[in-house]
Amino acid sequence: MHLSPLRTTPTTAPVLSWATRGPRAARAALAALPSPRAELRRTVRWATQHGLAAAVLRRAAADGDLQGLMVTRTAGSLEAPYEIARDIRESASLHRSRYAWTTADHAVVREVLAHPDLRSGFPEPERGPVARLAAWAGEPDRLGPLTPPSLLVTDGADHTRYRRLVTRVFSARAVEALRARTQEVAAQLAADLPRHVDARGEVDLVEAYCAPLPVTVICEILGVPAEERERVLAFGQAAAPSLDLGLSWAQMRRVEVALDDFRTWLVGHLEHLREHPGDDLMSRLVAARDEETGEGLSQDELLATAGLVLAAGFETTVNLLSNGLVLLTGHPAARAALAADPDLWGNAVDEVLRFDPPVLLTGRAAATATEVAGQQVRAGEMISAVLAGANRDPAVFTDPDTFDVTRANARDHVSFSGGRHYCLGAALARMEGEVGLRTLLETHPDLVLSSDRRRRPTRILRGWATLPARL
Ligand code: HEM
């Protein structure tokens, strides 16, 4: 075997090292390398899921298309989404952009989310060469928040059956039972912050507080033992962009590797829970049976639900906490109102969710030709519902661009979506937001955020990547 012509790259290096251990080992290592066909499928997958959409939307944005601008020009900017949403709303309650419909009108967003003819996920891949290529390159076994059987992209009778079982386990009582534990974890993390102060006298609150709090709660839900939590945190961080649009090839690859590792770990974990059920929600979900049919969730549905809890419940909550810290520390009047009346905390969390939501927008596709907001929408057409825009609709919220923790209807925001796919973790997220923000700000009342904080680069999920602070 002539090894010399082979350049050592991250993929060839293992083969070279195995080759020195004999031909059998080298053959095994070669078989483990991605085949050219797998590489081609991956490239096509990236192009159809991310590259093409990003290029098309960037092009549209360059021509001033409002949906293109919303998706490609708002990442990293605090104000841009609200300015573009205002333009969309002022143009029409349901605006026709170049490639899809889009709305930032509160009433129409709610109509879209509850509409019986509009489905989550992408339109059926029935026509056209791009759709056929996307179907060929897809990997149905990979866990992903937007891959069936994730609840997010399941509809009809399947969704009703499956969601009923999950909702029974994620009941309000179960969330309240997690409150005491969340409080304990938050108090511990807040007390430990001084240990994380760096040489400049600062601590990054995202790393030391906003991320570990929700991941610990998710681990409690999934029944993950303490010694494996760091791994779950790493899975959650690596998989977070899976809800995003327009990832680079390298980002998509990292997300896929993380999701595959998470799936492998999860299969073993579910086996463990079946043999040794705990008091956690995942053990209850594994055992849950439908009252009418006596059937439980399939293995794929259990895997998808655990994956979705991690993907949908982790970074969103980290962002709620980081967005809330920036808003509350930047508004002394809000802090004073909360100090005077701590019963306002629940409302303050809803106002944070309204004013700067962790999820920018979601989308639906028309299953059949239908009417939405008085417009004719053809089968297969997409509608993007700009949740952040609906939350600033002046028809519903007085002075929508003012952050006001005493706002009477703050809870009318649509940050948890609506209709059939209304966030299953909403009660949990509200509880974590309230306990998390209150505990941190009450433990460190003099906390000052540094101005060199950084936004996350993601487009759909909005929050802070770093929040350096002085305690
Ligand atoms: C502030 C935190 C959170 C926000 C802003 C948020 C937001 C959302 C949104 C917008 C949707 C629906 C998307 C659509 O309609 O297309 C959704 C769905 C969902 N969320 Fe959340 N979420 C949060 C936290 C959580 C948590 C903590 C969990 C679970 C532990 C969770 C679990 C889910 C699930 C399972 C769904 C799918 C429901 C279905 O399709 O029937 N979320 N979330």
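Residues numbered from 1 in each chain as written. Predicted model: local features only at pLDDT ≥ 70, side-chain atom pairs only at ≥ 80, totals over all residues. Heavy atoms only, no water.

The name given to the protein in an unreviewed UniProt entry is Cytochrome P450, with the source organism recorded as Nocardioides bruguierae.

Visitor: Sorry, what's going on with the overall build of the protein here?
Guide: Scanning the protein from terminus to terminus reveals 20 helices and 12 strands. Here the protein holds 471 residues, and 51% of them are scored as buried. A total accessible area of about 21,800 Å² is found for the protein, and carbon and sulfur atoms account for 55% of it. (Helix = DSSP H or I, 4+ residues; strand = E, 2+ residues; numbered from the N terminus. Buried < 20%, exposed > 50% of the residue type's maximum accessible area, 1.4 Å probe, protein only. Areas by Shrake-Rupley, 256 points an atom, 1.4 Å probe, with all protein chains shown as cover.)

Visitor: Can you help me understand the site of the ligand in this one?
Guide: Around the ligand, the surrounding shell holds 28 residues, and the nearest of these are R163, T362, S417, H421 and C423. With respect to the ligand, the side chain of T362 contributes an N or O atom lying 2.6 Å from an oxygen atom. At the level of elements, α8 (156–169), α15 (299–313), α16 (315–330), β5 (362–366) and α20 (426–443) are the ones that each hand at least two residues to the shell around the ligand. Of the residues in the shell around the ligand, the class split is 16 nonpolar, 9 polar and 3 charged. (Near = heavy atom within 4 Å. Polar contact = N/O pair within 3.5 Å; in protein donor to acceptor, adjacent residues only side chain to side chain. Nonpolar A, V, L, I, M, F, W, Y, C, P; charged D, E, K, R; others polar.)

Visitor: Whenever I open this one, helix α5 (residues 80–91) confuses me. Can you help?
Guide: Because the α-helix completes a turn every 3.6 residues, residues three or four places apart line up on one side. With 12 residues, α5 ought to run about 16 Å at 1.5 Å a step, and its terminal C-alpha atoms sit 17 Å apart, in line with that. Along α5, the positions that sit buried rather than exposed are A80, P81, Y82, I84, A85, I88 and R89. (Expected span 1.5 Å × (residues − 1).)

Visitor: I would appreciate a short explanation of unusual backbone geometry in the present structure.
Guide: With the exception of glycine, the majority of residues adopt a negative phi angle, and the majority of peptide bonds are in the trans configuration. The phi dihedral of A373 falls on the positive side, at around 50°, and the residue is not glycine. Looking at where A373 falls in the secondary structure, it is placed in the loop between β6 (370–372) and β7 (375–377).

Visitor: Help me understand the pairing of β5, please; the structure alone is not making it clear to me.
Guide: In the case of a regular strand, side chains alternate between the two sheet surfaces. As paired elements, strand β3 (residues 118–119) and β5 share 2 bridges and run antiparallel to each other. Across the sheet, residue L118 finds its bridge partner in β5, namely A366. Note: β5 against strand β8 (residues 382–385), 4 bridges, orientation antiparallel. The partner of T362 across the bridge, within β8, is A385. (Pairing = 2+ DSSP bridges.)

Visitor: What am I meant to see in the nonpolar core here?
Guide: Nonpolar side chains tend toward joint burial in soluble globular proteins. Core analysis: the largest hydrophobic core is formed by 84 residues, its most contacted members being L205 and L328. At 8 residues, the largest contribution of residues to this core is made by α20. Those residues in contact with L205 that lie beyond four places of it in its chain are L193, C210, L325, L440, L447, L449, L467 and A469. (Core = buried A, V, L, I, M, F, W, Y, C linked by side-chain atoms within 4.5 Å. Contact = heavy atoms within 4.5 Å.)

Visitor: Would you take a moment to explain the side chain of T216 for this structure?
Guide: Mapping T216 onto the fold places it in helix α11 (residues 212–222). On the basis of relative accessibility, which here comes to 12%, the residue T216 falls in the buried class. Leaving out residues up to four positions away in the same chain, T216 has contacts with R181, V185 and R229.

Visitor: Just checking my understanding: could you explain the side chain of E432 for this structure?
Guide: Examined against the element boundaries, E432 turns out to sit in helix α20. Despite its burial, E432 pairs with no opposite charge, the nearest such side chain being R179 at 11 Å. When residues no more than four places from it in sequence are discounted, the contact partners of E432 are T182, L213, P214, V217, T317, L321 and L437. (Lys, Arg positive; Asp, Glu negative; His and termini not counted. Salt bridge = Lys/Arg side-chain N within 4 Å of Asp/Glu carboxyl O.)

Visitor: Just checking my understanding: could you explain the layout of surface pockets for this structure?
Guide: Quantified by volume, the second largest pocket comes out at close to 990 Å³. The wall of the second largest pocket is formed by 44 residues, among which V206, E207, A211, L233 and Q237 lie closest to the centre. Of all the elements in the fold, those that place two or more residues in the lining of the second largest pocket are α9 (172–192), β4 (203–204), α10 (205–210), α11, α12 (229–239), α13 (249–275) and α16. A class-by-class count of the residues in the lining of the second largest pocket yields 22 nonpolar, 7 polar and 15 charged. (1 Å grid on protein atoms, 1.4 Å probe; cavity = no way out; pocket = protein on both sides within 12 Å on 5 of 7 lines; lining within 4 Å. Points joined across faces, edges and corners; volume = space filled by probe spheres on them.)

Visitor: Teacher, can you tell me more about the packing of α16 against helix α17 (residues 332–340) here?
Guide: To describe two helices that pack against each other, one gives the angle between their axes and the distance between the axes. Contact geometry for α16 and α17: axes closest at 5 Å, N-to-C directions at 95°. In terms of axis orientation, α16 runs roughly perpendicular to α17. On α17, the residues touching L328, T329 and G330 of α16 are P332, A334, R335 and L338. Of the residues belonging to the contact of α16 with α17, the class tally is 4 nonpolar, 2 polar and 1 charged. (Axes fitted to C-alpha atoms, helices over the stretch in contact; angles between N-to-C directions. Parallel < 35°, antiparallel > 145°, perpendicular 65-115°, else oblique.)

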